[in-house]
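Topology and contacts: notes
Each chain, letter by letter, is given below.
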Amino acid sequence: MSEGASGSDRAKVWQYEAMFEDPTSFIGVLTPEGRLRRVNDTALSFGGVEATAVIDELFWETPWWTHDEAQAAELRTHVERAADGEFVRFEATNVGGDGERIHLDISLQPVRNDADEVVSVVVQGRDITDRIHAQRALENRQATIETLHDVATDLESSDSPTVVYERTVAAAEEVLEFERCYIGVLEDGFVVPRAKSSVSSNDDYRVRRSDEGLVGETLRTGRSYLVPDVATDDISKPAKETFRSGMSIPFGDGAVFQAVATEPNAFDEADLELAELLLSHATESLVRIDTEATLRQQNERLDEFASVVAHDLRNPLNVVAGNVELARETGDLERLDAAARAVRQMDDLLSKLLHLARAGKVLGETEPVSLSSVADAAWFGIDAPDATLSVETDLTVEADEARFRQLLENLFWNSVEHGDSAAAITAGRLDDRPGFFVADDGHGIPPEMRDNVLEHGFSTADGGTGFGLSIVSTIAEAHDWTVTVTESEDGGARFEFSGVLAA
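Summarised in this report is the structure supplied together with it. (Residues numbered from 1 in each chain as written. Predicted model: local features only at pLDDT ≥ 70, side-chain atom pairs only at ≥ 80, totals over all residues. Heavy atoms only, no water.)

**Description of the sheet that holds strand β2 (residues 36-39)**
Going by this rule: Pairing between two strands requires that DSSP report at least two bridges joining them. For helices the rule is a DSSP run of H or I covering at least 4 residues; for strands it is a run of E covering at least 2, with both sets numbered from the N terminus onward. Fitting a line to C-alpha atoms yields each axis, with helices limited to the stretch in contact; the angle taken between N-to-C directions then spans 0 to 180 degrees. Only heavy atoms matter for contacts: two residues are in contact if any of them lie within 4.5 Å across the pair.
Strand order in the open sheet made by the five strands is β2-β1-β5-β4-β3, with antiparallel pairing throughout. At either end of the open sheet lies a strand with only one pairing partner, and these are β2 and β3 (88-95). Sheet twist, expressed as the average angle between the axes of neighbouring strands with direction ignored, equals 25°. Note: strand β1 (residues 25-30) against strand β5 (residues 118-127), six bridges, orientation antiparallel. From the neighbouring strand, Ser25 faces β5, where its bridge partner is Arg126. Each of β1, β3, β4 (101-112) and β5 touches helix α4 (residues 69-83); the most contacted strand, β3, lies at about 150° to it. Together, β3, β4 and β5 form the strand contacts of helix α5 (residues 129-156), whose direction differs from that of β4 by roughly 125°.

**Concerning the pairing of β4**
Where β3 and β4 come together, eight bridges link them in antiparallel fashion. Within β4, the position partnered with Phe90 by the bridge is Ile106. The sheet contact formed by β4 and β5 spans nine bridges and is antiparallel. Its bridge partner lying in β5, Val111 is registered against Ser120. Hairpin connection, β4 to β5: the antiparallel pair is bridged by five residues, and Asp116 has positive phi, about 65°.

**Observations regarding the packing of aromatic side chains**
As a reminder of what qualifies: In this analysis, rings of Phe, Tyr and Trp, with Trp reduced to its six-membered ring, are considered paired at centre separations within 6.5 Å, and the interplanar angle assigns stacked below 30 degrees, edge-to-face beyond 60, and tilted for intermediate values. Note on classification: 1.4 Å probe, protein chains only; a residue is buried when its accessible area is under 20% of the maximum for its type, exposed when over 50%, partly exposed between these limits.
Throughout the structure, instances matching the rule amount to 13 aromatic pairs. Centroid distance Phe59 to Trp65: 5.8 Å. Interplanar angle 75°. Geometry classified as edge-to-face. Residue classification places Trp65 among the buried positions, given a relative accessible area of 2%. For the ring pair Phe436 and Trp481, a centre distance of 5.6 Å and an interplane angle of 90° mean the geometry is edge-to-face. Taken as a pair, Phe436 in strand β16 (residues 435-440) and Trp481 in the loop between α13 (468-478) and β17 (482-487) lie far apart in primary sequence, 45 residues in all.

**Quick word on the pattern of salt bridges**
When the charged atoms of two side chains with opposite charge come close together, those side chains can pair. Counted only if it meets this: Salt bridges are defined as contacts in which a side-chain nitrogen from Lys or Arg sits within 4 Å of a carboxyl oxygen from Asp or Glu.
Here the structure, examined in full by the defined rule, presents 21 salt bridges. Between Glu273 and Arg141 there is a salt bridge; the shortest N-O distance is 2.9 Å. With Glu273 in helix α8 (residues 269-312) and Arg141 in helix α5, this residue pair connects regions lying 132 residues apart in the sequence. By relative accessible area, which is 41% here, Glu273 ends up partly exposed. A single network of salt bridges, built from pairs that share partners, joins Arg180, Asp203, Asp204 and Lys240.

**With respect to the sheet that holds β17**
Here five strands make up an open sheet; going across it, the order is β13-β15-β16-β18-β17 and the pairing mixed. Only two strands of the sheet have a single neighbouring strand rather than two, namely β13 (388-391) and β17. The sheet shows a mean angle of 15° between the axes of neighbouring strands, taken without regard to direction. In this fold helix α11 (residues 371-380) packs onto β13, β15 (424-429) and β16, with an angle of close to 170° to the strand it touches most, β13. Running at roughly 25° to β16, helix α12 (residues 401-418) makes contact with β13, β15, β16 and β18 (493-498) of the sheet.

**Observations concerning the packing of α11 against α12**
Where we set the bar: In this scheme, roughly parallel covers angles under 35 degrees and roughly antiparallel covers those over 145, while 65 to 115 is roughly perpendicular and the rest are oblique. Should the near helix be turned counterclockwise from the far one by less than a right angle, the crossing is left-handed, whereas a clockwise turn marks it as right-handed. Residue type decides the class: Asp, Glu, Lys and Arg count as charged, Ala, Val, Leu, Ile, Met, Phe, Trp, Tyr, Cys and Pro as nonpolar, and the leftover types, Gly among them, as polar.
It is the contact of α11 with α12, at a shortest axis distance of 8 Å, that shows an interaxial angle of 60°. By the angle between their directions, the pair α11 and α12 is classed as oblique. Note that α11 runs across α12; the crossing there is right-handed. From α11, Leu371, Val374, Ala375, Ala377, Ala378 and Trp379 reach across to α12, where they touch Glu401, Phe404, Arg405, Leu408, Glu409 and Phe412. Grouping the constituent residues of the contact of α11 with α12 by class yields nine nonpolar, no polar and three charged.

**Digging into the packing of α5 against helix α6 (residues 161-174)**
Relative orientation of the contacting elements α5 and α6 amounts to 165°, with a least axis distance of 10 Å. The pairing of α5 with α6 is recorded here as roughly antiparallel in orientation. For α5 against α6, the interelement crossing comes out right-handed. Contact residues: α5 offers Val151, Asp154 and Leu155, while α6 offers Val164, Arg167, Thr168 and Ala171. Looking at the contact of α5 with α6, its residues break down into four nonpolar, one polar and two charged.

And the structure:
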């Protein structure tokens, strides 16, 4: 039995010694009063001290703890608890002889004799620096993500792409701490800088072709790129030789975000992921702005459509009303034929405009049409018995016949409404360039008004709607015709249409 017991004791001693010399832990033995009796080489090496300098010293007064008085005071309290028989575990910071700071998971284990008295306290500290750093990095990352969500809220209030670009770069600089970054936008085959960080200079980024360098590769593939070292990257073409690393991320419709640094390996995958999160918020804002702009355009188109319909149905309605009234008064039923033709004209106009409005277009299919025949059709809708129309050409042009007729009708009506009910209107071919003109012998348009007369809502007459000539301008522009307002030979208004394709 004695030999067995002796072997067991020896095994315990060996286990204790093996634990004591663990190179991954700081191990020490304290008296119940807190004086250091023994310490392993791992702790001595880290502290840069000799055993003789710390043995018999109060543990909380040794070099490992002198960097923080509050922490030393807490240690003393922990040792007193362990001396009372309590197992104590806590985390603390130690500073080594070379100034290295590490985080430790420390345990204080009371050691009792056969009388159950605490005769010593074993101190063990395990380095948890990596775990603490990882935990803090995770906490920082989570805090950054939450801040980026706040940035997303800020981006939601942006009312233009420019504001989105500027706020995105500001967030990258302030939240992600990217010192040099910018946003380039694809315009006419070139990527043009549109926003840059506050410390960036104008020559940090330059206009590039859409197929040039990392910018071009990013646009082509739609992928994000992380460049640890420009020196080993064949695609990157930095604006400055001092730029050594960076990242490039596509977003939105033809936009690229890039961040650069003057040292290698300045960015990692975590930086790239956070930047992509920021840019996803920016993309959402750009989509929202584009959607809102589309809706505004649709509403404007709807308003314009309503105005055009209201304006251009007035003349055929007058023809219908006038002929129906004459038929009632005279019994001449042939008047109803004229009214029926006006109704068919209104039906044709409405069908055409509704089709174009639903398609979001101004023009339908074009075809060769005769200026003379279209002018005659347009003149039928003008309720001005004393006015005359003379077409002096057999010009045939490529046009959408219904919209062309609408253009001419509005010009004819403008001459009658703003000139004289007995106006003499002439349509003919331009002498000096391809195209045609419509002129009258009325009061004309003052030179100072000619630049504005084709604008939506502009009218020279009291109570005028301002829609007639703006409709003319819209239809002409849709045909790629250029409209010039000038004076006729008789002093009236003359509208010249150039750029017209002869069929």
